[in-house]
Amino acid sequence: MTTIVEVKGLTKQYKDVTAVNNVSFTLEEHKIYGLLGRNGAGKTTVMHMLTAQAFATSGDIRVFGEHPFENSRVLSQICFVKESQRYPDVFRVCDALAVAASMYPQWDAAFANDLLDRFALPPKRNIKKLSRGMLSAVGIIIGLASRAPLTIFDEPYLGLDAVAREMFYELLLEDYAAHPRTIVLSTHLIDEVSRMLEHVLVIDKGQLIINEDTDTLRSYAYTLAGPAAKVEPFLEGRQVTRREPLGSFMTASVIGELSRADREKAQAEGLELLPVSLQQLIVQLTHNQGSSKEAGIR
Amino acid sequence: MNRSAKIISLHLRNPFLLLALPWVIVFSSFLINLVISGFLDEPLYTGGLASIFIIIFVTGITLVPQTFPLALGLGATRREYYTGTVLTGLMMGVFSAVVITLLGWLEQVSGSWGTGLHFFHLPYVHDGSLLEQLILSILLFMFFFFCGLTIAAIYRGFGRASLLITLLGALLIGTLLSFFITQYGWWMDIFGWFARYTAFELSLWTLPLSLVMALMCYVLIRRSVV
C-alpha cells in the first residue's frame, strides 16, 4: 500500500479556539475513508489545510510526497468537494462543469454528462437559482467526474433526498471499482455510509480520537440486553458507555473486545449480545470523550 | 493549456460581463452625447469616456470575490490565480485601448462625427501620436484595474475592518496633504509641474504606482484563504 497523505502534529489555532489539535494520520492509496465527527469538530478545517486552502498553525502535511501549498502538481490531483463551495453569480451549471473539466487532467466529460442526466440537473440553469439539493448534485458531479487520485467529499449531500443519496453511494462505489482512487467522505450520516468505509477517522473537539479499520472498530463494542439483575454483574469492571434500564430489563453498551469465555458466560446467563452500529459507537464515544480515552482507542 | 490560461477562461466564461458590458455603457453614453451634440451649434466636449475607467475599477474590485473561491476550490494555486487574473485585466486593457484609439482616430477623420462631438479624442489627453494614445489608455486602464484589485486583495487578506481602516487612512492622508498644500500655497507649483508634461508623459507616472500595487496584490493573495 502506498501512502499518499501524511499528516503529522497538525494544529490550527484561531484567536481563542484550537480548531484542530495535534492531529496525525496517514491515508493510503485506493481506499475509502470516513472522516467523522460532530459539527464543528474540526473536520472541514483539516480538509481545508490538506488542500492548502487554509494554513496550519503548526504541523506537517505531505500529499503525494509534497507540501500542497502553491503546488499544482499536488493540487491538480486533489478534488475537494465542499458543501460551502461558492460559484460566481453568473455561472450556470455547465460553466462550473466546464471550468472543473479544464482543471482536472483525468476529467471524464461523458461521465459528467451521464451524471447530469441521472441527477436531472438542467445544465443551462444559473447555479444561484438551484435548490440546495441540486447545488449538492453539482458538487457530486464534479467530485465523481474529476476522477482525482484523492477525492474528498465534505458533507456532499445536503438537501438531497434519500433516493438521490442512495444513487450517489452506488455511483461512487461503481466508479471507484472501475477507477480506483482514494476517497475521503466527511459526513454525519454515518449509518448510510458505514458499509462503504474501509477505514474510519473520528475527530472530536479538534482531536483525532479514532483511527481504525472499520472491521476492527466494529468488534470494539457490543450491546448487552437482558434482565437487569443478570446484566449488572456482567458489566462489572468493563467500559460501559450507555445504560438503559427499562423496568427490570436493561440494555447496556460496552467497549472492549469480548473473549470467548465472556461470550459463553453471556449465553449461559441468557443475555443477548448485539453488535453496535458504527453510528451508535461514534455517538457514544464523542458524546463522552473521557471514556473513549480510557478505552484506549486511538 | 497552461493553468494560468485556465484562470483566464474561468474569468471569461461569461464574456458579456467583462468584454461587452463596459462598451454597452460607453456606447450608450456616446449615443446620448451624439444626439445632444446634434442640437448644439458649438462643439461638445464630454468626459463620457471616463466611464470605462470607472467600470474597470469596479471590475477589479468584484473579480476576486467572485472567482477566487471557485479557482482555489478546483485546485488552482494562488500564483496561477493571480497571474491569470492580471492577464485577464491586461487583455481587457489592450482590447479597450485599441478600440478607444481607433474610435478616436475615426472621430478625427470624420470631423467629430459631423456633429462636433469630442468623445474618444479629447484635447490635451489624446494630443500625442496614435502609439502614445494607445499606451496612455493601456496604462490608465491598468492603473484603475490595480486600484480595484488592491481593494479586493486587502479585503481578502485582512477582512472588512482592515479594508475600512486602510481606506479611512488613505482619506486622512489625502485630507492632511491637501490641507498643508493649501496652507503653504503649493497648489500653483503642483499645477505648474503637471502642466510642464504632456498627458502621455504623465500617464507614464502611473507605471511605478501600478507595479507597486501589483506586487502588493500578489503578496496579499498569496496569503489569502478561502
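So, here is what we can say about the structure in this document.

## Remarks on the interface of chain B and chain A
Across the contact, 26 residues belong to chain B and 28 residues belong to chain A. Here chain B packs against chain A, burying approximately 2500 Å² in sum over the two surfaces, 56% of which is carbon and sulfur. Ranking the residues of chain B by area buried against chain A places Arg13, Leu70 and Leu74 of chain B at the top, with a combined share of 27%. Summed over the shared surface of chain B and chain A, the number is 2 salt bridges. Across the salt bridge formed by Arg222 of chain B and Glu70 of chain A, the nearest N and O atoms sit 3.7 Å from each other. Where chain B touches chain A, the interface holds 14 residue pairs in polar contact (both at pLDDT 80 or more). If you list the elements that add at least two residues to the side of chain B that touches chain A, you get helix H1 (3–11), helix H3 (50–73) and helix H4 (78–109) of chain B. Considering every element that reaches the side of chain B that touches chain A, the biggest residue donor is H3 of chain B, with 7 residues. When its residues are assigned to classes, the side of chain B that touches chain A shows 10 nonpolar, 7 polar and 9 charged.

## Overview of the sheet that holds strand S13 (residues 272–275) of chain A
Residues and elements named next belong to chain A. Judged by pairing direction, the sheet is antiparallel, and its 4 strands sit side by side in the order S11-S12-S10-S13 without closing on themselves. The sheet terminates laterally at strand S11 (239–246) and S13, the two strands that pair on one side only. Here the strands of the sheet are splayed against their neighbours by 20° on average, with no regard to which way each runs. Where S11 lies against strand S12 (residues 249–255), 7 bridges are found, and the strand directions are antiparallel. Counted as the bridge partner of Arg242 is Ser253 from S12. With respect to the sheet, helix H11 (residues 278–287) is in contact with strand S10 (221–227), S11 and S12, its orientation differing from that of S12 by roughly 80°.

## Structural notes on the sheet that holds strand S4 (residues 58–63) of chain A
The strands that make up a sheet are held in pairs by hydrogen bonds between backbone atoms, and each pair lies either parallel or antiparallel. Residues and elements named next belong to chain A. The 3 strands lie next to each other as S2-S1-S4, forming an open sheet whose pairing is antiparallel. A single partner strand is all that each edge strand has here, and the edge strands are strand S2 (18–28) and S4. Strand-to-strand twist across the sheet, computed as the mean angle between neighbouring axes with direction ignored, equals 15°. Relative to S2, strand S1 (residues 3–13) runs antiparallel, the two being bridged by 7 bridges. Counterpart to Thr3 in the pairing with S2 is Glu28. Against the sheet, helix H1 (residues 43–50) makes contact with S1, S2 and S4, and its axis sits at roughly 120° relative to S1, the strand it touches most.

## Let's talk about the packing of H1 of chain B against H4 of chain B
When two helices pack together, their arrangement is given by the angle between their axes and by how far apart the axes lie. Residue and element names in this part refer to chain B. At their nearest, the axes of H1 and H4 sit 8 Å apart, and the two run at 55° to each other. Judged on the interaxial angle alone, H4 and H1 are oblique. The element H1 and its partner H4 pack so that their crossing is right-handed. Packed against H1, whose contacting residues are Arg3, Ser4, Ile7, Ile8 and His11, the element H4 presents Glu80, Tyr81, Thr83, Gly84, Thr85, Leu87, Thr88 and Met91 at the interface. A breakdown of the residues in the contact of H1 with H4 according to their chemical character gives 5 nonpolar, 6 polar and 2 charged.

## A closer look at the nonpolar core
For soluble globular proteins, the rule of thumb is that nonpolar side chains tend to be buried together. Counting residues in each nonpolar core, the largest one holds 104 residues, and the members touching the most others are Phe119, Ile142, Leu144, Phe168 and Leu185 of chain A. Per-element accounting of this core gives the leading share, 11 residues, to helix H5 (residues 130–158) of chain B. If near-sequence neighbours (up to four positions away) are discounted, Phe168 of chain A is found in contact with Phe119, Ile140, Leu144, Phe153, Pro156, Tyr157 and Leu185 of chain A. In this structure, Val5, Val20, Leu50 and Ile152 of chain A belong to the second largest nonpolar core, which totals 29 residues.

Reading the values: rules and limits
- Along each chain, residue indices are assigned from 1 in the same order as the chain's sequence is written.
- Starting at A for chains and at 1 for ligands, labels are handed out in the order in which the entities are written.
- Local features in this predicted model are restricted to residues of pLDDT 70 or higher, and side-chain atom pairs are both shown and tallied only at a pLDDT of 80 or more, whereas totals for entire chains, interfaces and linings draw on every residue.
- The basis for every side-chain value is the complete set of heavy atoms in the structure, and neither hydrogens nor water enter the calculation.
- Residues count as neighbours in contact if any of their non-hydrogen atoms are within 4.5 Å of one another.
- Reported buried area values correspond to the accessible surface (1.4 Å probe) lost by two parts on association, with both partners' losses combined.
- Here a salt bridge means any side-chain nitrogen of Lys or Arg lying within 4 Å of a carboxyl oxygen belonging to Asp or Glu.
- N or O atoms closer than or at 3.5 Å make up a polar contact, with two conditions inside protein: a donor-capable atom paired with an acceptor-capable one, and, for residues adjacent in sequence, both atoms drawn from side chains.
- Comment: elements are numbered from the N terminus, with helices defined as DSSP H or I runs of at least four residues and strands as E runs of at least two.
- Under the grouping applied here, Gly and all other residues not named as nonpolar or charged are polar, the nonpolar ones being Ala, Val, Leu, Ile, Met, Phe, Trp, Tyr, Cys and Pro and the charged ones Asp, Glu, Lys and Arg.
- Should DSSP find at least two bridges between two strands, the strands are regarded as paired.
- Comment: axis = line fitted to C-alpha atoms, over the contacting stretch for helices; angle = value between 0 and 180 degrees taken between N-to-C directions.
- Angles below 35 degrees are treated as roughly parallel, those above 145 as roughly antiparallel, those between 65 and 115 as roughly perpendicular, and all remaining angles as oblique.
- Definitions for this section: a left-handed crossing has its near helix turned counterclockwise from the far helix by less than a right angle. A right-handed crossing has that turn clockwise.
- Here, nonpolar core means buried Ala, Val, Leu, Ile, Met, Phe, Trp, Tyr and Cys residues that are tied together by side-chain atoms lying within 4.5 Å of each other.
- A 1.4 Å probe rolled over the protein chains alone gives each residue an accessible area, and that area as a share of the maximum for its type sets the label: buried under 20%, exposed over 50%, partly exposed in between.

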